[in-house]
Amino acid sequence: MIEPFMPKDQLGPAREDDRQIISSILHVLTSGCRWRDSPAAYGPRTTVYNRFNRWSRRGF
């Protein structure tokens, strides 16, 4: 459902699963925990943090 809204022109290495990244971002934002305390099951913490920053700057 959200695939048409996701940015597709990202350069760099292969992308992590966007669903996991979105779940991790939502977990951090709703629980109020720090980025580094997000569960490892959601993927690399730096990837989640960087993706959130990049998407928020671009308006996604």
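Each value, and the rule that gives it
Residues numbered from 1 in each chain as written. Predicted model: local features only at pLDDT ≥ 70, side-chain atom pairs only at ≥ 80, totals over all residues. Heavy atoms only, no water. Helix = DSSP H or I, 4+ residues; strand = E, 2+ residues; numbered from the N terminus. Polar contact = N/O pair within 3.5 Å; in protein donor to acceptor, adjacent residues only side chain to side chain. Contact = heavy atoms within 4.5 Å. Phe/Tyr/Trp six-rings, centres within 6.5 Å; stacked < 30°, edge-to-face > 60°. Buried < 20%, exposed > 50% of the residue type's maximum accessible area, 1.4 Å probe, protein only. Salt bridge = Lys/Arg side-chain N within 4 Å of Asp/Glu carboxyl O. Axes fitted to C-alpha atoms, helices over the stretch in contact; angles between N-to-C directions. Parallel < 35°, antiparallel > 145°, perpendicular 65-115°, else oblique. Nonpolar A, V, L, I, M, F, W, Y, C, P; charged D, E, K, R; others polar.

Q: Describe the side chain of serine 38, naming the residues involved and giving the relevant values.
A: Locating serine 38 in the fold gives a position in the loop between α1 (18-31) and α2 (45-58). Within the structure, the side chain of serine 38 is placed 3.0 Å from the backbone oxygen of tryptophan 35, a separation counted as a polar contact. Ignoring sequence-local partners within four residues, the contact set of serine 38 consists of Ser24, Val28, Cys33 and Arg45.

Q: Give me the lowdown on the packing of aromatic side chains, citing residues and values where you can.
A: Under the criterion given, the structure shown has two aromatic pairs. Taking 5.6 Å as the distance between ring centres and 70 degrees as the angle between the ring planes, the aromatic pair formed by tryptophan 35 and tyrosine 49 counts as edge-to-face. In this pair, tryptophan 35 is assigned in the loop between α1 and α2 and tyrosine 49 in helix α2, connecting sequence segments 14 residues apart. Judged by relative accessible area, which is 37%, tyrosine 49 ranks as partly exposed. Ring geometry for tryptophan 35 against phenylalanine 52: centres 5.1 Å apart, planes inclined by 40 degrees, an arrangement best described as tilted. Of this pair, tryptophan 35 sits in the loop between α1 and α2 while phenylalanine 52 sits in helix α2, placing them 17 residues apart in sequence.

Q: Break down the pattern of salt bridges for me, with residues and values.
A: One pass over the structure, following the stated rule, counts one salt bridge. Measuring nitrogen to oxygen at the nearest pair gives 2.9 Å for the salt bridge that ties aspartate 37 to arginine 34. The exposure class assigned to arginine 34 is partly exposed, which follows from its relative accessible area of 46%.

Q: Tell me about the packing of α1 against α2, residues and numbers included.
A: At a closest axis distance of 10 Å, the pairing of α1 and α2 adopts a crossing angle of 85 degrees. Classified by the angle between their axes, α1 and α2 sit roughly perpendicular to one another. Across the interface between the two elements, Asp18, Ile21, Ile22, Ser24, Ile25 and Leu29 from α1 touch Thr47, Val48, Arg51, Phe52 and Trp55 from α2. Taken together, the residues of the contact of α1 with α2 sort by class into seven nonpolar, two polar and two charged.

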